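# Examining the three-dimensional arrangement
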Amino acid sequence: MVNLALLVEQTVAFIAIYYILTAALNVKAGMTGIPDFGHAMFFAVGGIVVGNLAGRLAAMLVAGQLGVSAGEAFRKVIESNTAFMAEVNKVLAHSPGASIAAILFALIVAPVLGGLLGWLASYPALRLRGDYLAIMLLASSEALRIFVMYYTPIMGATPTVGLTTPAVFDWTGHPTEWSTVFVVALALLVFVYMERFYNSPSGRLFRAVRDDEDSAEAIGKDVAKVRRDAMIIGSALAALAGVAYSFNPWLAGSSVAAQRIFDRVLWTFWPWALMILGGMSSNRGVGLATVVVGALLIGPIRIYKNDLAKALHVEAIGIDPGNFANALEYILVGALILAVLFFKPKGIIPEPPSRTIPRSRIPELIEEARREQP
Amino acid sequence: MSVAGAESAVEAARGDVVLETRGLVKRFGGIVALNGVSIRLRRGRVTLLIGPNGSGKTTLVNVISGFIMPDEGQVIFRGRDITRLPPHERVKLGLVRTFQIPKPFQNLTVLENVLAAAEGNPGENPYIAGVSRGAWYRFEEEAARRAFSILDWVGLLPKWDTRASDLSGGQLKLLEIARAVMKGANTIIMDEPAAGVNPRLVHELFSRITSLARERGVTFLIIEHRIGLISEYVDYAYAMNMGEVIAEGRPEDVFNDPRVLESYLGG
C-alpha cells in the first residue's frame, strides 16, 4: 500500500535537494566549464557541518539540562555519539532556540567551509583542463572520503553508521513536514539567486570564460580569478545542499555517514545527469529537469520497480528481476539522456543569454545610442 | 571640445612612438621564430606587417600581446616595459589584439560579446552581482548604450541578439573590432582581419579602421596577406622573413623590395 502524502513529501524534498546540488554544479561545470567530477566532496562538507559541528553546538547549548559541562558535551558528541545524541535530541525536542541556532549555524558555516574547500580545489583547476582536471577532482573527492571515513574525530568511528544528527525540527511537532518546508524554501531561494546571478554581468563573464579563455584574456579578464570564484560559489552552494539533506529525516534518516555523504553516484553523477538533461548552464533547464526526473522517475520507480520488473517478464531473457528493478532508474535516466541528447543536444531548455537589462528597455537604449555616435 | 579641435589635437599627437619592440628573440626548440625583431608603432597610424607563412608574424603578435614570453628582448608600451606582463594586464593599458581565427564567445549574443569587454563593470564581482542589482545596473545600462552605438558603427546593430556562433566570418571580424573599441583600446593588433572576408566587406572594415586611426588616434598593427586590397589604407609597413625584419618603409616601397618579393617566391 502506498502512502500518497508520504510519497509526495519525500519526492518534493528530494527534488529540492537535487535542485540546489545541481544548480551548484551548474555554476562550475555549466556556466564556467570546470568539469567537477568531485562535486560530492563539497556536498559532504554540509553533512560534516551538520553531524559534527551543528551537533556539537546543539549539545553545548542544551548541556546544562543534561547535567554536563559544555566542554564535556563537545567531546561526547563524537566519543559516545549514539547514546549521547539520543539524550541531546530528547532535550532539543523542547528547545526551539537551540534547534534554530543549530540550523542557522549550519546554514552559515557550511557554505563558508564549502567555499573554502572550493577555493583550495581551484588551485589545480587553474593549471589543469578538461579530462585531467575532471579526474583530479574525482580523485580528490575519493581521497577525502577515505580520510574522513577513517579519521574518527570528524565523522565518528564507524564509517557506515556515522553520527546521529541533531533533531532540529522535533520541537515543531511535525519534523518531517517542517524539514521539507525548510528544504523547499532553501531551494526556492537558491533558484531566485541563480536567476539573478545568471542575468548579471558576472553570469555573462563566467559564460564568456567558458566559451573562450584566450579571448577572455584578450579583453582583459582575469581568467584564473573567474575559475576560482566559480569553484568557491558552486562549492558553497553544494555544501548548502548537504546541510538541507542532512537535516532532513526523510532523506538522511537520523544520521549522517561518511560513506553516504561522499557517495559519488548520488552527489556527483546524478547532478551531472540532471544538468545535461536540463541544459548545461541553463538554470531553468536544471530546475525543470530536476522536477521532471524527480517526480516522474525516482519516486514512482522506487515504489513500483519490482512490480514493473515482474510485469515485463525480464526473467524470460535471462535477467534477474531483482537486479533489473534495482537498475531501473539508471536504465530509464540513461535512456532519457540519450533521447534528449539526440533530439535536443543542448538540453530541455537551452542556455539563454544573460539578460542584464530588461528586454523592454532595449529599444529605448538603441534609440539613444543612435543619437550619440561613438 | 569641438570635433575640429579634437581632430587637430589628435593630429598633433600623431606620430609619437606608442609601442616598440627591441631585439625580440624567441626560439621553439631548434627553430628560431624571432631573431632580433625591432619594430615601432606610431600613434594614430596603421602599420602593416607582411611576410610569408612561418616568417614569425604571429609569434611577434603573441609576444607583443603577452601570450608568449620572449627569450630575449623587450616590449615597450607607452614608455613602460611590459615584456613580462600577463595579457589581461596589457589590455588594461589599452593594448588589445584580435585573433587570426576570430575567437568570439560562441554561445553569447553579439551584444553580450561586446558588453563583456566593458572595463570595470562592478557587476563582474560575483559576490555582489546576484545579491544587489542596484550595484551594477546603472553602469550596465551606460555600457549597453555605448555597445549599441559601437555596433551601429560597425554595422552589426541588426544582429545584436544573435549568437556569435550564427555570424559569418566577416561579421565575426567586425565583432572583434567592436569588442576592441568597447575595451577602450588605444592600440589594436589584428592578425589577418581580411582573411576569408569578401572584398567589399574588407574595404568597409578598413575604412572603419582608418577612421578610428585618423579621428581617434588609435594605433593599429595589422598582419595581412591580401596587400593589394588594403595598401591604400596603410601608413607604414614591415616585412618579415625567417624571424627577421627584412624591409620597412612606405607600403609600396616595401611591397616592391626585391628581398620581399624573393621571400614570397620562396628564394
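Residues numbered from 1 in each chain as written. Chains lettered and ligands numbered in written order. Predicted model: local features only at pLDDT ≥ 70, side-chain atom pairs only at ≥ 80, totals over all residues. Heavy atoms only, no water.

### Brief notes about the overall build of chain A
As a reminder, the rule being used: Strands are runs of DSSP state E lasting at least two residues, helices are runs of H or I lasting at least four, and both sets are numbered from the N terminus onward. Each radius of gyration is computed over the set of C-alpha atoms, and the globule rule expresses the reference value as 2.2 Å times the number of residues to the power 0.38. Burial classification: accessible surface area is computed with a 1.4 Å probe over protein chains only, and a residue below 20% of its type maximum counts as buried, one above 50% as exposed, and the rest as partly exposed. For this analysis, residues touch if any pair of their heavy atoms sits within 4.5 Å. Each accessible area is a Shrake-Rupley result for a 1.4 Å probe, and residues are judged covered by the shown protein chains and nothing else. Neither His nor the chain ends is counted toward charge; the positive residues are Lys and Arg and the negative residues Asp and Glu. Taken as the charge centre is NZ of Lys, CZ of Arg, CG of Asp or CD of Glu, depending on the residue.
A count of helical and extended segments in chain A gives 17 helices and two strands. Computed over its C-alpha atoms, the radius of gyration of chain A comes to 23 Å, within 12% of the 21 Å expected for a compact globule of 374 residues. Along the longest, intermediate and shortest principal axes, the C-alpha atoms of chain A span 75 × 60 × 40 Å. Per-residue burial over chain A gives 54% buried out of 374 residues. Summarising the internal contacts of chain A: among those between residues at least 6 apart in sequence, 80% fall at separations of at least 24. Only carbon and sulfur atoms are counted for the fraction: they give 68% of the accessible area of chain A, which is about 15600 Å². Distance from the positive charge centre (29 side chains) to the negative charge centre (27 side chains) of chain A: 3 Å.

### Digging into the domain arrangement of chain B
Residue and element names in this part refer to chain B. Just so we agree on the cut-off: All domain edges in this entry derive from an automatic or database-based domain assignment. Put simply, buried area is how much 1.4 Å-probe accessible surface two parts lose in total, over both of them, once they are put together. Definition used for salt bridges: Asp or Glu carboxyl oxygen within 4 Å of a side-chain nitrogen of Lys or Arg. As used in this structure description, the phrase polar contact means that two N or O atoms lie within 3.5 Å; if the pair is within protein, one of them must be able to donate a hydrogen and the other to accept it, and residues adjacent in sequence are counted only when both atoms belong to side chains. When residues are sorted by character, Ala, Val, Leu, Ile, Met, Phe, Trp, Tyr, Cys and Pro go into the nonpolar class, Asp, Glu, Lys and Arg into the charged class, and all the rest, Gly among them, into the polar class.
Domain boundaries in chain B define domain 1 (3-102 + 187-265) and domain 2 (105-166). For domain 1 versus domain 2, the separation of C-alpha centres amounts to 28 Å. In this assembly, four residues from domain 1 lie in contact with four residues from domain 2. Carbon and sulfur atoms supply 56% of the area buried between domain 1 and domain 2, which totals about 360 Å² over both sides. Of all residues in domain 1, the largest losses of buried area upon contact with domain 2 belong to K92, R208 and L212, amounting jointly to 82% of the total for that side. At the junction of domain 1 and domain 2, the tally comes to zero salt bridges. If you look at where domain 1 meets domain 2, you find one residue pair in polar contact (both at pLDDT 80 or more). For the side of domain 1 that touches domain 2, the leading source of residues is helix α8 (residues 199-216), giving three residues. For the side of domain 1 that touches domain 2, the class distribution of residues is one nonpolar, one polar and two charged.

### Comments concerning the pairing of strand β11 (residues 244-249) of chain B
Remark: a regular strand shows side chains that alternate across the two faces of the sheet. Residues and elements named next belong to chain B. To keep it simple, the criterion reads: Two strands form a pair only when DSSP identifies at least two bridges running between them.
Pairing between strand β10 (residues 236-241) and β11: five bridges, direction antiparallel. Following the sheet pairing, Y238 is matched in β11 by E248. Between β10 and the antiparallel strand that follows it, β11, lie two residues; M242 among them carries a positive phi value of about 50 degrees.

### Points about the packing of aromatic side chains
For clarity, the cut-off: Stacked, tilted and edge-to-face are the three classes applied to pairs of Phe, Tyr and Trp rings, where Trp contributes its six-membered ring and a pair requires centres within 6.5 Å; stacked means planes under 30 degrees apart, edge-to-face means over 60, and tilted covers the rest. As a reminder, the over-ring test applies to NZ of lysine and CZ of arginine, requiring each to be within 6 Å of the ring centre and within 35 degrees of the ring normal.
Applying the stated rule across the entire model yields 22 aromatic pairs over all chains. With centroids separated by 5.4 Å and ring planes inclined at 50 degrees, the aromatic side chains of A:F169 and A:F182 adopt a geometry described as tilted. Of this pair, A:F169 sits in the loop between β1 (163-164) and α9 (175-198) while A:F182 sits in helix α9; the two residues are 13 residues apart in sequence, bridging distant segments of the chain. The residues A:F169 and A:F182 share a single accessibility class, namely buried. Cluster of aromatic residues (ring-pair linked, three or more members): A:F14, A:Y18, A:F43, A:Y245 and A:W267. Over the face of the ring belonging to A:F74 we find A:R56, whose NZ or CZ atom lies 4.1 Å from the ring centre. One Lys or Arg, B:R179, reaches over the ring of B:F105 and ends 4.8 Å from the middle of that ring.

### What to know about the nonpolar core
Test applied: Each nonpolar core is a collection of buried residues, namely Ala, Val, Leu, Ile, Met, Phe, Trp, Tyr and Cys, held together in the definition by side-chain atoms within 4.5 Å.
Counting residues in each nonpolar core, the largest one holds 176 residues, and the members touching the most others are A:M155, A:M194, A:F247, B:F148, B:F206, B:I209 and B:F220. Ranked by residue count, the leading element in this core is helix α1 (residues 4-31) of chain A, at 15 residues. For A:M194, the residues in contact, after removing those within four places along its chain, are A:Y19, A:A23, A:V27, A:M31, A:L237 and A:N283.

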